[in-house]
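# Fold and contact review
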Amino acid sequence: MYENVTYDEYDIAEPKADSLIHSIRSFGYELSTAIADLIDNSITAKAKNVWVNFFWNGAASWIAIKDDGIGMTQKELIKAMTLGSKNPLLLRPANDLGRFGLGLKTATFSQCKQLTVGTKLKGENLVVRCWDLDYVSDCRQWRLLKQGSNNLEKEALEGLDQGTLVVWDKLDRVVDEEVKVDDDRAHGLFLEKASIVKKHLAMVFHRFLEGPNPLKIWFNDKLVSPWNPFLIDLKATELLTVEPLFINGKRIEVRPYVLPHHSKMSQEEHAYGAGTKGWNAHQGFYVYRNKRMLVAGDWLGLGFQKEEHYKLARIQIDIPNNLDQEWSIDVKKSKARPPQNIRQDLKRIAKLTRDRASNIYRHRGKIVSRTSGAEFIYLWQQSAKHGKISYKINREHPLVRECNNSIKGNQTLETLLKMLEETIPIPMILLNYSEQSDNIKGPFEDEPPKELNAVLENSLKALLNQGLMISDIKKRLIAMEPFDLYKEYVIARCEEFEEENK
């Protein structure tokens, strides 16, 4: 259509350098996603080590990201520093984590106003280029400087035959431009941001940090340990059916996991599984592109909500880098939306995983009891009247019956039970459970053994008073809350009691 257009039939509408370079500062990066975007380049450059360092110096604080990858020629560096240096429509190598040719620049400018890159190939000299937004604003031209940060030498590539060093100065989006070096509060916030970045890198790149010949990320000189959201090293973690799905003939793989109930984990394992945002926030799909995590726990707009009883459901999706357009991958590589033709499959997989997770969450500890040959005995019963739900104490519970029998004709017990039922602090319980469910104390959890033993002894005697044999009492107790959680202890104590009273 435009093959024969002549110069008098068009105009060159070149963007103003000072306007555009400041406009791209608003892509919506967080500090964590910005630094992760730079590490993508290190991985593509076949780095074995990446060093991330935060240096506090008040308003002059700076950040450095260094790798031992293959480095770049001068021509490659200038291209890398050019906005839109790659056409996102072109095919990429399978291991390429980039897409738009914007990440280095947009990620950097979202956080600071000066970007200096030093790089060298094996056996070659260091090549340096620098963008300084203040300078571009003054000259109003795309002037890429050949010298940059004074901090480049402080974090130089000494000891490395090859590699690339990125230095961020003028961190106006990270620290206040007026802050003093001795401002303890600002220094604390800077360190807190650094800690968040470290945790984010442990999550996003965990598959690169695991296994044989792993990538090593050093954060302020300390090795970053991977955070695997699927807790695959725990025996109680369930991997459901792995499903391949196809989009335009290209394969993606879906691996649904159901994590263990917290009673099946140590405190350390449970704290690890909570990740950076807590158990509730980390449920959902985890989308990976070439092993790099893009989405960390999201139901992908499929109509599901994050709810407490589904928090054990986490589903891994692996997609190749030639499906970016179909998955609506953004420049920041932090969002993804599944194509229409696989949404129903993902809904089906999500529902099955959520149902399994809900069953484990709700019924852990009661399945064994219900197969023990005795009907499960609840202390509390739920009832509904006129559309309203209420909770009542089970008057047929053996302990309640024993108390009633011992004080026949006295209404004090019934009055007390009624008051307990009518004053349950349900709003407070719901609030605490939604905000910090993992901190809710379980039955006799952390209590001295004598507390549990005293309640068990009284329950055992109450059942004896009702004319039951020890063998029947044993079955009753392990089918009764909260003794169903301490089955072995209850059986052992019943046998001891029988020996003592022969």
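Going by the structure above, here's the rest.
Described below are features of the structure shown in this document.

Calculation criteria
- Residues numbered from 1 in each chain as written.
- Predicted model: local features only at pLDDT ≥ 70, side-chain atom pairs only at ≥ 80, totals over all residues.
- Heavy atoms only, no water.
- Buried < 20%, exposed > 50% of the residue type's maximum accessible area, 1.4 Å probe, protein only.
- Helix = DSSP H or I, 4+ residues; strand = E, 2+ residues; numbered from the N terminus.
- Pairing = 2+ DSSP bridges.
- Patch = residues over 30% accessible without salt bridge, like charges linked within 9 Å, V, L, I, M, F, W, Y side chains within 5 Å.
- Areas by Shrake-Rupley, 256 points an atom, 1.4 Å probe, with all protein chains shown as cover.
- Salt bridge = Lys/Arg side-chain N within 4 Å of Asp/Glu carboxyl O.
- Contact = heavy atoms within 4.5 Å.
- Axes fitted to C-alpha atoms, helices over the stretch in contact; angles between N-to-C directions.
- Parallel < 35°, antiparallel > 145°, perpendicular 65-115°, else oblique.
- Left-handed = near helix turned anticlockwise from the far one by under 90°.
- Nonpolar A, V, L, I, M, F, W, Y, C, P; charged D, E, K, R; others polar.

Across the six residues of strand β2 (residues 62-67), six count as buried, placing the element largely inside the fold. If you look at the hairpin formed by strand β1 (residues 49-55) and β2, you'll find six residues sitting between the two strands, and Gly58 has a positive phi there, around 65°. Sheet analysis places β2 next to strand β5 (residues 163-169), joined by five bridges and oriented antiparallel. Residue pairing in the sheet places Asp67 in a bridge with Thr164 of β5.

Turning our attention to a nonpolar patch on the surface. A cluster of nonpolar side chains, Leu379, Trp380, Ile389, Tyr391, Ile426 and Leu430, forms an exposed patch at the surface whose accessible area comes to about 550 Å². Elements that contribute at least two residues to the nonpolar patch include exactly β15 (388-393) and α13 (426-436). Mapped onto the secondary structure, Leu379 falls in the loop between α10 (367-370) and β14 (380-385). Looking at Leu379, the relative accessible area reads 33%, which means it is partly exposed.

Mapped onto the elements of the fold, Lys113 is located in the loop between α4 (103-109) and β3 (114-120). The residues touching Lys113, leaving out its near neighbours within four places in the chain, are Arg25, Trp131, Asp132, Leu133, Asp134, Asp169, Lys170, Asp172 and Glu177.

Turning our eyes to something else, we now look at the packing of helix α14 (residues 449-465) against helix α16 (residues 487-500). The geometry of α14 relative to α16 is characterised by a closest axis approach of 11 Å and an angle of 60° between their N-to-C directions. Taken together, the axis directions place α14 and α16 in an arrangement best described as oblique. Classified by chirality, the crossing of α16 by α14 is right-handed. Counting all contacts with α14, which are made through Pro449, Leu452, Asn453, Leu456, Glu457, Leu460 and Leu464, the residues of α16 involved are Tyr489, Val490, Arg493, Cys494 and Phe497. Here the contact of α14 with α16 is built from residues that sort into nine nonpolar, one polar and two charged.

Before going further, it helps to examine unusual backbone geometry. Positive phi is not limited to glycine here, since Asn220 has a value of about 45°. Along the polypeptide, Asn220 turns up in the loop between β6 (216-219) and β7 (222-223). With phi around 55°, Leu300 is a residue other than glycine that occupies positive phi space. By the element assignment, Leu300 lies in the loop between β12 (292-298) and β13 (313-319). Judged by its relative accessible area of 0%, Leu300 falls in the buried class.

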